[in-house]
Amino acid sequence: MAPVTADGEAMHALVERLYPICRSITGDGVRATLDIVGEYLPLQVHEVPTGTQVLDWTVPQEWNIRDAYIADGTGHRVVDFAASSLHVLGYSVPVSAVMPLAELRDHLHTLPDHPSWVPYRTSYYQPQWGFCLAQETLDAMPDGAYEVRIDSTLADGHLTYAEHVVPGQVADEVIVSCHVCHPSLANDNLAGVAVAVFLARELAERTPYYTYRFVFAPGTIGAITWLARNAERIERVRHGLVLACAGDRGELTYKQSRRGDAEIDRVLQYVLRTSGRPHRVNAFTPYGYDERQYCSPGFDLGVGSLTRTPYAGYPEYHTSADNPDFVSPEAMADTLAVCREAFAVLDRNRRYVNLSPYGEPQLGRRGLYDSLGGRSDAKQAQLAMLWVLSLSDGEHGLLDVAERSGLPFEAVAVAAGALHGAGLIKA
Amino acid sequence: MAPVTADGEAMHALVERLYPICRSITGDGVRATLDIVGEYLPLQVHEVPTGTQVLDWTVPQEWNIRDAYIADGTGHRVVDFAASSLHVLGYSVPVSAVMPLAELRDHLHTLPDHPSWVPYRTSYYQPQWGFCLAQETLDAMPDGAYEVRIDSTLADGHLTYAEHVVPGQVADEVIVSCHVCHPSLANDNLAGVAVAVFLARELAERTPYYTYRFVFAPGTIGAITWLARNAERIERVRHGLVLACAGDRGELTYKQSRRGDAEIDRVLQYVLRTSGRPHRVNAFTPYGYDERQYCSPGFDLGVGSLTRTPYAGYPEYHTSADNPDFVSPEAMADTLAVCREAFAVLDRNRRYVNLSPYGEPQLGRRGLYDSLGGRSDAKQAQLAMLWVLSLSDGEHGLLDVAERSGLPFEAVAVAAGALHGAGLIKA
Amino acid sequence: MAPVTADGEAMHALVERLYPICRSITGDGVRATLDIVGEYLPLQVHEVPTGTQVLDWTVPQEWNIRDAYIADGTGHRVVDFAASSLHVLGYSVPVSAVMPLAELRDHLHTLPDHPSWVPYRTSYYQPQWGFCLAQETLDAMPDGAYEVRIDSTLADGHLTYAEHVVPGQVADEVIVSCHVCHPSLANDNLAGVAVAVFLARELAERTPYYTYRFVFAPGTIGAITWLARNAERIERVRHGLVLACAGDRGELTYKQSRRGDAEIDRVLQYVLRTSGRPHRVNAFTPYGYDERQYCSPGFDLGVGSLTRTPYAGYPEYHTSADNPDFVSPEAMADTLAVCREAFAVLDRNRRYVNLSPYGEPQLGRRGLYDSLGGRSDAKQAQLAMLWVLSLSDGEHGLLDVAERSGLPFEAVAVAAGALHGAGLIKA
C-alpha cells in the first residue's frame, strides 16, 4: 500500500470534517456536505423540487431533523441524536410521546452480535419512526416510561446534488459518481467523496483527453435524478466509475460493469493486475451502489465500481464502527493512486491506423531505429514501436498492444507518440 | 439417487412385462410392445409399407419369427429361441437343415470373455442366419450332426412406430424419442421406454408450455422414417431428448446435441450440475442412438441424449446380462426425476423484456420491496427481481439469469412471475 | 528425435559447404550461396537494381568484400577475414589506415561473457566500419599502432533472391521462406535453407494440391522486395512458413502467424501435438524473422514460423559458436519430418459438403458398412466416415473432423476419400 502522503492525510481530514453531519437522501445535511466539498472544488449544485418525476421515481419530500432523543424518567437522554446522527432511523417521521419500554421496543434497532455498535437504518419510502442504539444501551434501560422525541420535518422541498466538471480535449465524458446520502459513516462513503475530490483536483492540473464529470448525489434517487435530467448527455458518457468504500484497510476490489468487457473494465483490471497490488475483480451484480442505475439495461453504460472491501462485505458496514478510525490515509492514498493510474491509461488508450501497413516501414531513416543490428540488449522502445505498427489496424487500441505485447502501457504510449510524430500512424 | 417410489416400481414392472418379447426393427414384436405401452398411454400407431423410400433408406421387409432351435442327435434343444429371444441372430433368414458342428460353427456367436452370457447380434441389411449362445453351452456341445431350424419370415409388410402427444400452450414441440427395436434387453431400451411413458403421464397432468411428442420407434430406420414423414413438422421441433439406457445403476450421462450449445444442452447441464448428482457430460459424437439422425447436419436439431451409463459403456451391453435385474427402480426413478426437473426449467425458460429499463423501477410502490433498508439478511427474492430486470433485454432468458446470478432457477422464475404480474416485464 | 537418415547427413553436408561464404543482404556471397543451392534445385534468380523502391524501402547499394584484417606492427594479422567472415562488421565501408589501439577500440566488437567467441554485427543502413573478434584476442593485443584494412566496395548493383516453385493442382500457393543473408552462421540460417531444399525435393516427387513456392532471400529487405514485386500474387498466397534455426538440438518451436488462428497455425499445432514431440507454441510477436513482413497488417498473411530454439533464444545466437557442430543431422531430419507431416495435412485439409445430410446415408448398400451389427471392436474407419458426414456442412474441414473426433487425420482423410468415391460428399 502507498506510504502516507500529504494527500492521504488531507483526505482523512476531509472525512473527519464531514463525519458528524447527518446526511440523508434529501435535506440540509447534503447541503452542508456539499458546502464543505465546495471549499475544495468549485461545484454546480442542483436543487430538484419534491414531486418531480425522475424516470420511474418521484422526488420525495425533504427530510430535516433538529433534535431527537429517548429520555428516561429523570429526563436523562439515554439515546441522543446529538451524540451520533445514526441514532435516528433515517427519514423518521416526527414523534413526541411518552411510552413504556415494552411499546418503545418496536421502534428500536440494535445489533445483538455487536452489542456496543449502533446500526444504521432508514425507512425512506414508508412513514415510520425509530431509534438505533447499542444493544448494551438497551440492555441497561430499565422498564418504565420513556419520553421519545424526534423533531424532524418531512415537507415539500428539494433533492440536492452537485457536479464538478474537468474539461477535456473532447466532449466525450467520464463520470465519477459518489453517494453522499449516508450520515456518520466514514468508509461508506466519506472516503469515496474524499478520493473523488482529490482526484478531480489532480485531473484539473492538466487538460485530460476526456471531459471528467464528478457527480456527488444521494444514492439511488440521486443517480436516477441525474440520469433523468441528463438524457441528452448520456450518449456522450463513454466510461464511468462509482467510488465507494474507498478507505478501509482491505484490498482493492473492482466490480465490472454490466457489460463486463467495457473499456473501463479492461483498464481497471489491467492497472490492478500490472501494479502487483493484491486485489479482487468481481462480476457485475445488480446490487450495490449506483452502478445499479448507470448499468440498468436501458442505459447499460460502461460504468464499473471501485471499492476496497466491497459493499456490505465487512462487519462494520452500516454501523457506528464505520468511523474515521476505520479508514486510513494510506488506504485512501492507494485508492487515489489506482484511479490516477487507471485514468492515465484510459485517457491515452487511442486506436491508431498504421499508414504504412505493407511490410515494416523503415524506422531507421526516420531516426527511430538503432542502426547497429545484433545487439542483444532489450530494445523495449523499438519493440513497442513494432507492436504498435503491427496492431494499429483500426481494431486494436494501445491497451490491446500493452496486453498482447506484455510491454508497459507507458512504453506503448510513448512509442505511439513517436510513430505519430513521424507520420507513420494516425489516430 | 432417488428413493424407491411407486413410479420406480411401476416402471420396473413395465420393463419386466416387455422383456420377453422378441422385438426387431419390424414385425409383430414391435406391435406387441406398443400394445402394452398403449395400456399406459394413448398411442397413435403408424404402419409404413415395405419399400417406402425414407430419406436415403428404404423400409425393409418385415421379419417375423415363430420358433428356432439347435437340436442334438437325440432331439434335445441345446439352444432354444423359446428360452430367450436373443438366441437367434436378428433378421435371420429361415433355415432348416442338419449339419455337423464344424459347419454350424460359422453361424454361431458367443462371448468367450463372458462364457455364461448370450450376445445380441443382428444382420438387418445382409441375408444371413445364425444363433447366439453362451460360450459354455458351445463348449459342452460334442461334435456330431445337429438339426438347425429357424422358422422366420422375411416378407413385404410394414415398419411400425408410435407417437403420443401431450398438447402444450404453443405448437412448438419437444420430442422425446426411444428406440423399441431391441429384443430381450432391459436397460437398452426397455428402461428408456418405461421412463418416457411415465414422463408423458406426468406432463399430461398439466398443460405444459411446449407440446411434447413422444416417439417410440425402431432404431435408425424408425427415426429416419419419422423424420422423412414429418418434414413439415421439423421446423416446429425446438428441443428434443433421446432416452436410452435409463435404468442401470451407473451415474447419469448427458450427451450434447451436435450444436453443443442448444438450449436443451444448457438445461440438462444446469439441472445435473445444480442438483448435485454425480454425472458426466459428453460432447456429441455421430455414434450412439437416434440423436445420430436428429442431429444429422441437414436437420441439426437441438436434440441431446440422456442415459445412465452411456451407449456401449458397460460389459452387459448387448448381452443376456442386460436383464431386468440389471436395471433398478431407483435408477429409473432418478432418471425420471431429472427429466421432470429439466423439462420444468425448459418449459419456463422464457426471455422477457424489461419495460422500465432506464434505472431501476421503484419496486417499493408496487409492493415488491421491503422498504426498511439496511437489513443484512439475504433478500433472495428481491435479488432475483433485480437480476431479472437487469438481464431482461431480449437477449437473455431466465436460465441465463439463474446461471449468471447463482440463484436457483425456481427463485428466478418466481421473480419473473411477480414482475410480469406488476407489468414491469413482458414475454 | 528422428534417427540419422541419409537426408540428415545430406542436409548437414550442404550446411558445411555453405558455411564459409561471406553472405550479406546483397553481393556475391548471396549469389555464391544460390549457385550451390541451384545444384540441388532449379532456381529462378532475381536481380533487383540498387535504388529500386520496394514498399517503404529502397534497395541499397551492393556490398562486396575481398579482404580485411588488423595487423600488428610486425605485419602479423591478429584478426583476419580469411579465417572467418564474421570478423568484419557486415556492410563495413572500406578503410585503410594505421591507428593506435586506443582509437581502434571504437571499431571493435567482442563478447566479454564468451571471451573465445566472435560476435556477428552489421550496420546496413548507416555507414560504419568495424571488426568483430574474440575478447581473448583483444585482451592479447598490446597497445601500439595497428594497420587496419577493409577491402570492401559499396556501389550500385543489385539485390539478389531466388525462387523455386513446385507446381500443384491449384494456383493457390504456400510459400516457404528462408533468409540467406547471414555469413558464417550454421543454424541461422543455413540449416533452414538445407531443410527447405530437401523439403522442396520431396514435394516435387508428387503433384501436391497447393503450389509451393520456396523463397530464398536476404532478411527484411529481401522479403520486402519479394512482397513489393509480387503484389498480384499475394492474394493467391493462402499459407506460408518461415523456416529458420532449423538444426540446433533444442525442441521445436512454432510461432503463430499474426492472425493466430490461421490454418497454418492450426495445422502446425496439430501435427506437433499429435506427434508427441516436445515442442513449444509461441504467440506472434512483430520481432524475429521475415514473418514480420509477411504478417505486417497490410498483408496479414497466414504465415507462421518454424524453428527449433527460437530467434535469439540460445547463447550461440549470432556468434561464431553457431557453427556446423552446433547443428545436427538428426535435428534437421526431425524439422524436415515435421514440415513433411504438416504439409501432408495442410494439403488434404479440404472442406466437403455432405450431399445426403438428412439422416445418415445408408452406408451398407454402398459397401461402406460392416452389416453385422453389435460387434464391440472399434470400427475406426466407419466412425471416421460418420464424423466426416456429420461435420461436412461447408463450415468444417478435415482437420476440424480430426480434432473434434480425436481420430487420426490420416483415418479421416481416408474416410473422406471413400465417401467422395461413393458420391456422398463433394469438395
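Before any of the text, the structure's been laid out above.
Residues numbered from 1 in each chain as written. Chains lettered and ligands numbered in written order. Predicted model: local features only at pLDDT ≥ 70, side-chain atom pairs only at ≥ 80, totals over all residues. Heavy atoms only, no water.

Q: Run through the overall build of chain A, naming residues and quoting values.
A: Tallying secondary structure elements over chain A gives twelve helices and 19 strands in all. For chain A, the C-alpha atoms occupy an extent of roughly 95 × 40 × 35 Å along the three principal directions. Considering chain A as a whole, with its 427 residues, one finds that 61% of them fall into the buried category. Accessible area of chain A: about 15,500 Å², with a carbon and sulfur share of 49%. If you average the places of the 35 positive and of the 52 negative side-chain charges in chain A, the two averages end up 9 Å apart. (Helix = DSSP H or I, 4+ residues; strand = E, 2+ residues; numbered from the N terminus. Buried < 20%, exposed > 50% of the residue type's maximum accessible area, 1.4 Å probe, protein only. Areas by Shrake-Rupley, 256 points an atom, 1.4 Å probe, with all protein chains shown as cover. Lys, Arg positive; Asp, Glu negative; His and termini not counted. Charge placed at Lys NZ, Arg CZ, Asp CG, Glu CD.)

Q: Help me get a handle on the sheet that holds strand E18 (residues 393-397) of chain C, residues and values and all.
A: Residues and elements named next belong to chain C. Here three strands make up an open sheet; going across it, the order is E18-E17-E19 and the pairing antiparallel. Every interior strand has two partners, whereas the edge strands, E18 and strand E19 (425-426), have only one. The sheet contact formed by strand E17 (residues 351-354) and E19 spans two bridges and is antiparallel. Its bridge partner lying in E19, valine 353 is registered against lysine 426. Where helix H12 (residues 398-405) meets the sheet, its contacts fall on E17 and E18, and the angle it forms with E18 comes to roughly 65°. (Pairing = 2+ DSSP bridges. Contact = heavy atoms within 4.5 Å. Axes fitted to C-alpha atoms, helices over the stretch in contact; angles between N-to-C directions.)

Q: Explain the relation of the copies chain A and chain B to me, using residue names and the numbers behind them.
A: Each copy of the sequence occupies a distinct position, and chain A is placed on chain B by a rotation of 120° and an axial shift of 0.2 Å, giving an RMSD of 0.1 Å. Expressed as a symmetry operation, the mapping of one chain copy onto the other fits a three-fold axis. Across chain A, the rotation axis passes nearest the C-alpha of aspartate 261 of chain A, at a separation of 13 Å. (Least-squares fit on C-alpha atoms with pLDDT ≥ 70 in both.)

Q: Can you break down the interface of chain A and chain B residue by residue, with the values?
A: Between chain A and chain B, the contact holds 25 residues from the first and 24 residues from the second. Buried area between chain A and chain B, summed over both chains or domains, comes out near 2,100 Å², and the portion from carbon and sulfur atoms is 50%. At the boundary of chain A and chain B, one finds four salt bridges. Arginine 366 of chain B is paired through a salt bridge with aspartate 56 of chain A; the nearest N and O atoms lie 2.8 Å apart. Remark: the boundary between chain A and chain B carries eleven residue pairs in polar contact (both at pLDDT 80 or more). Per-class residue counts for the side of chain A that touches chain B are eleven nonpolar, ten polar and four charged. (Buried area = accessible area lost by both parts, 1.4 Å probe. Salt bridge = Lys/Arg side-chain N within 4 Å of Asp/Glu carboxyl O. Polar contact = N/O pair within 3.5 Å; in protein donor to acceptor, adjacent residues only side chain to side chain. Nonpolar A, V, L, I, M, F, W, Y, C, P; charged D, E, K, R; others polar.)

Q: How would you sum up helix H10 (residues 380-391) of chain B? Please name residues and give values.
A: Taking 1.5 Å as the rise per residue, H10 of chain B with twelve residues should run 16 Å; its terminal C-alpha atoms sit 16 Å apart, in good agreement. Extensive coverage of H10 of chain B is indicated by the burial of nine of its twelve residues. Among all positions of H10 of chain B, only Gln382, Ala384, Met385, Leu386, Trp387, Val388, Leu389, Ser390 and Leu391 of chain B are buried. Elements that come into contact with the buried residues of H10 of chain B comprise helix H8 (291-294) of chain A together with strand E17 (351-354), strand E18 (393-397), helix H11 (398-405), helix H12 (409-421) and strand E19 (425-426) of chain B. (Expected span 1.5 Å × (residues − 1).)

Q: Account for the interface of chain C and chain B, with residues named and values stated.
A: Residue-level contacts link 24 residues of chain C with 25 residues of chain B. For the pairing of chain C and chain B, the buried interface totals around 2,100 Å² over both sides, and the portion due to carbon and sulfur atoms is 50%. Across the chain C-chain B interface, the total number found is four salt bridges. Between arginine 365 of chain C and aspartate 56 of chain B there is a salt bridge whose closest N-O contact spans 2.9 Å. Our enumeration of links across chain C and chain B arrives at eleven residue pairs in polar contact (both at pLDDT 80 or more). No other element matches helix H11 (residues 380-391) of chain C, which puts six residues into the side of chain C that touches chain B. Residue classes in the side of chain C that touches chain B are distributed as ten nonpolar, eight polar and six charged.

Q: Can you tell me about helix H6 (residues 221-229) of chain B, naming the residues and giving the values?
A: When you tally the buried positions in H6 of chain B, you get seven out of nine residues, the bulk of the element. Restricting attention to buried positions, one finds in H6 of chain B the residues Ile221, Gly222, Ala223, Ile224, Thr225, Trp226 and Leu227 of chain B.

Q: Let's hear about the packing of aromatic side chains: which residues, and what values?
A: Where two aromatic rings form a pair, the distance of their centres and the angle of their planes describe that pair. Summed over the entire model, instances satisfying the criterion amount to 45 aromatic pairs over all chains. Between tryptophan 129 of chain C and phenylalanine 131 of chain C, the ring centres sit 6.4 Å apart and the planes meet at 80°, which makes this aromatic pair edge-to-face. Summarising the aromatic geometry, the rings of tyrosine 311 of chain C and tyrosine 317 of chain C are spaced 5.5 Å apart at their centres and angled 65° between planes, so their arrangement reads as edge-to-face. Judged by relative accessible area, tyrosine 317 of chain C falls into the buried class, the value being 15%. Taken together, the ring pairs in this structure connect Tyr287, Tyr289, Tyr311, Tyr314, Tyr317 and Phe326 of chain A into an aromatic cluster. Looking at arginine 201 of chain B, its charged tip hangs above the ring of phenylalanine 198 of chain B, at a distance of 5.1 Å from the centre. (Phe/Tyr/Trp six-rings, centres within 6.5 Å; stacked < 30°, edge-to-face > 60°. Lys NZ or Arg CZ within 6 Å of the ring centre and 35° of its normal.)

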